[in-house]
Amino acid sequence: MSMEKHAEAGYLPTITAPTAMDSKRQSQNGGHKMVVMVIAASTIIQVITLIGVGWYTSNLLTKVGQGHQSHADLQTATAHSRPGINVYNVKFEEKGDIIPERIEVDVEKRIETVYGNKHHGLDQFVAVQDFKKGIMSFIVPRTKTCYVKTISTALTTEPEALKTQLDQLQNQTWPETTRATEIMVASAPVTDRSVLPAKMAELCKGLPVYWLTPASTSTRRKRQTVEVSICIRYPSTHELTQISPA
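Residues numbered from 1 in each chain as written. Predicted model: local features only at pLDDT ≥ 70, side-chain atom pairs only at ≥ 80, totals over all residues. Heavy atoms only, no water.

### Concerning the environment of Ser-137
Point 1. Counting through the fold element by element, Ser-137 comes out in strand 5 (residues 135–140).
Point 2. For Ser-137, a relative accessible area of 0% corresponds to the buried category.
Point 3. When sequence neighbours within four positions are dropped, the list of residues in contact with Ser-137 reads Val-126, Ala-127, Val-128, Tyr-147, Val-148, Leu-196, Pro-197 and Met-200. (Helix = DSSP H or I, 4+ residues; strand = E, 2+ residues; numbered from the N terminus. Buried < 20%, exposed > 50% of the residue type's maximum accessible area, 1.4 Å probe, protein only. Contact = heavy atoms within 4.5 Å.)

Here you go:
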């Protein structure tokens with residue numbers, strides 16, 4: 001019995017050749033499926049990207065909010081290409097460790113800038129000593145606060161002399177030196193920010209700025225906590241400034 005006869009007898013299913021319309025529908029359905037798959041894949045990639053970017057941004061903002069701004073960021077924020085600024089990357093010993101620090105000296109403007117690293121209970125900071133104005137200002141990223149005080153002339157080295165010392169001590173590690181400690185309190189907000197050097201005005205934009213004054217004898221005696229602690233180091237002196245609650 002032929003194939004046709006089997007089909008007529010019901011033994012085999014009848015096979016109908018696809019028409020041109022059927023082929024067109026199949027082609028359209030396949031095309032639609034491909035478009036849907038491409039859109040789905042694109043959407044998944046976008047979602048993953050957004051999640052990644054969101055995590056990175058959130059993590060970065062959290063670090064900045066916690067005062068984890070990097071030392072390099074602070075240096076970049078105050079970088080100047082103007083000639084006349086002498087840059088020194090120094091090292092000193094402290095409690096058996098070698099601590100790096102950066103000092104910039106502008107003899108013409110009589111300004112010294114110190115970039116201090118966080119270590120041994122001391123805060124990371126950027127400090128500017130403006131000898132023309134007679135003030136020292138500094139920022140502490142951890143507290144997101146800036147401070148201003150008068151320069152301690154007995155504990156500082158003026159720009160001309162400091163440049164000479166640093167030129168002579170290049171590539172040398174400074175030995176550990178006894179610290180001279182100043183205990184200060186934040187007495188009042190700074191209302192006239194024109195007292196800030198240009199570098200500090202840039203760094204302290206949008207942050208609170210406080211005047212520091214020496215703590216009273218009673219405050220010194222009952223001092224139990226220290227809110228901020230920084231140390232400005234020169235080859236021969238170390239000036240430790242600690243801020244206690246008023």
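### Quick look at the nonpolar core
Point 1. Counting 25 residues, the largest nonpolar core has Ile-103, Phe-138, Tyr-147, Leu-166, Val-228 and Ile-232 as the members making the most contacts within it.
Point 2. Looking at this core, the elements with two or more residues in it are strand 1 (85–94), strand 2 (97–106), strand 4 (125–130), strand 5, helix 4 (159–168) and strand 10 (228–233).
Point 3. Among all residues touching Ile-103, those that are not within four sequence positions of it are Asn-86, Val-87, Tyr-88, Val-90, Thr-113, Val-114, Leu-162, Leu-166, Trp-174 and Arg-233.
Point 4. Of all hydrophobic cores here, the second largest spans 14 residues; its members include Ile-135, Ile-139, Val-190 and Leu-196. (Core = buried A, V, L, I, M, F, W, Y, C linked by side-chain atoms within 4.5 Å.)

### Looking at the state of the cysteines
Here a disulfide denotes a covalent bond joining the sulfur atom of one cysteine to the sulfur atom of another.
Point 1. Applying the stated criterion to the full structure yields one disulfide.
Point 2. The disulfide partner of Cys-146 is Cys-204, and the gap between their sulfur atoms is 2.1 Å. Residues Cys-146 and Cys-204 share a disulfide whose torsion about the S-S bond is about -105°; that sign makes it left-handed. A residue pair is termed long-range when its members are at least 10 positions apart, and Cys-146 in strand 6 (residues 145–150) and Cys-204 in the loop between helix 5 (198–203) and strand 9 (209–214) qualify at 58 residues. With respect to burial, Cys-146 and Cys-204 carry one shared label: buried. (Disulfide = S-S within 2.5 Å.)

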